[in-house]
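Okay, here's what each chain looks like letter by letter:
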Amino acid sequence: MRIDIWSDVVCPFCYLGKRNLELALAQFEHRDEVEVVWHSFELDTTAHEDPEMSLAQKVASKYGMTLEQAEESQRDIARRSAEVGLEFNWEIAKYGNTFNAHRLIHLATSQGLASEAQEAFKKAYFTQGRSVEHLDSLREIASEIGLASADVERVLSSDEFAEAVRADERTARELGINGVPFYLLEYKWAINGAQPVSSILAALNQVWDELHPAQRFMKPVVIPPLPGTEDAAACGPEGCEPAAS
C-alpha cells in the first residue's frame, strides 16, 4: 500500500497528523508493506520570519482573531499534541518561509532520509523554537539529519529541487488539495486533516481489504449464527448430518 502525504513544516496539524499516522501504522498488521511518500505544500509562499511578531500575533492577524483567541487556539493544539507525546512550544515558534526547508527535505528524500527530515524540521519549529527560514539554522538542522554539508551548500546556493517543490504543489492543486495534512492512499482514497489514530487505522484496514479482497477470507473468523438459525441439516467433510431433533 502506498500513502502520499502533502505537508508543510509550519503546519501544526501536519506534525500531529504525522504522529497519529505513525501510531496507527504501529498497530497495522501490514506495516512492513506500506510505502509513505512525502510531498511539499507551502501554507504561505509569501511568508517571512518576523522577530517582532509572535506566532499567536501572526495567527490573529491572518485569521481575523483576537490575540486571546489565537493564544487559546495554540494552547488547544499544544494539549492535543501532548496527548500523543509531542511538545508544541508555540510561545517560541518562529513562523517563516519554508521553501528552502522543503528543498532540503527533497535532498534528504533522495538519500533515503525523508522521514528523518520531516521529523527534524517539524520538531525544530514546533518544539525547539528554531528558525526554518534562516540559512544558518537550516544548515544545522540538515547536519543533524545526516546530510553532508557540501550537498546542503550546493542546494542552498542554487535552485536545486525548486522544481520538485513546485511540482508537488502543482499536483496538489490538480487534486483539489487546499489544506494539509492530506493523505492519498493508492491515489484513490483520501484522508483529510489530522484524524485520530483510530480513524486512520480503520482507513488503513479498509483500503488494505479493498486492495487484497482474497485475504479477507483467509483469516480465521467466528461468525455468530442469526437467531433461529442455530441448528439445521448440513454437510461437512465427514458426511451429512440431519438437524438435531
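Use the structure listed above.
It should be emphasised that the depicted structure is a prediction, and the values quoted were computed from it without experimental measurement.

Caption draft 1: Expanded view of the packing of helix α6 (residues 135–145) against helix α7 (residues 149–156). Contact geometry for α6 and α7: axes closest at 10 Å, N-to-C directions at 145°. When the axes of α6 and α7 are compared, the crossing they make is right-handed. For the pair α6 and α7, the contacting residues are Leu135, Leu138, Arg139 and Ala142 in the first and Val152, Glu153 and Leu156 in the second. Split into classes, the residues belonging to the contact of α6 with α7 amount to five nonpolar, no polar and two charged.

Caption draft 2: Region of interest: the nonpolar core. Counting residues in hydrophobic clusters, the biggest one holds 39 residues, and the most contacted among them are Val9, Leu55, Leu104, Phe121, Tyr125 and Leu147. Looking at this core, the elements that each hand over two or more residues are α1 (12–26), α2 (55–63), α3 (67–83), α4 (99–110), α5 (114–126), α6 and α7. Those residues within four positions of Phe121 in sequence are excluded, and the remaining contacts are Val9, Ala101, Leu104, Ile105, Val132, Leu138, Ile141 and Ile145. Core analysis: the next-biggest nonpolar cluster, separate from the first, contains 20 residues, Phe28, Val34, Tyr183 and Ala203 among them.

Caption draft 3: Here's a closer look at α1. Between its terminal C-alpha atoms α1 stretches 22 Å, which fits the 21 Å expected from 15 residues at 1.5 Å a residue. Buried within α1 are the following residues: Pro12, Cys14, Tyr15, Leu16, Gly17, Lys18, Arg19, Asn20, Leu21, Ala24 and Leu25. Its buried side turned inward, α1 meets β1 (2–7), β2 (35–40), α3, α5, β3 (182–185) and α9 (197–211).

Caption draft 4: Examining the sheet that holds β2 more closely. Taken in spatial order, the four strands of this open sheet run β2-β1-β3-β4, and their pairing is mixed. The outermost strands of the open sheet, each flanked by one partner alone, are β2 and β4 (189–192). Neighbouring strand axes in the sheet, compared pairwise and without regard to direction, differ in orientation by 20° on average. Of the pairings in the sheet, the one linking β1 to β3 comprises four bridges and is antiparallel in character. Looking across to β3, one finds that Asp4 is bridged to Leu184. α9 rests against β1, β3 and β4 of the sheet, and its axis sits at about 175° to β4.

Definitions and cut-offs
Residues numbered from 1 in each chain as written. Predicted model: local features only at pLDDT ≥ 70, side-chain atom pairs only at ≥ 80, totals over all residues. Heavy atoms only, no water. Axes fitted to C-alpha atoms, helices over the stretch in contact; angles between N-to-C directions. Helix = DSSP H or I, 4+ residues; strand = E, 2+ residues; numbered from the N terminus. Left-handed = near helix turned anticlockwise from the far one by under 90°. Contact = heavy atoms within 4.5 Å. Nonpolar A, V, L, I, M, F, W, Y, C, P; charged D, E, K, R; others polar. Core = buried A, V, L, I, M, F, W, Y, C linked by side-chain atoms within 4.5 Å. Buried < 20%, exposed > 50% of the residue type's maximum accessible area, 1.4 Å probe, protein only. Expected span 1.5 Å × (residues − 1). Pairing = 2+ DSSP bridges.

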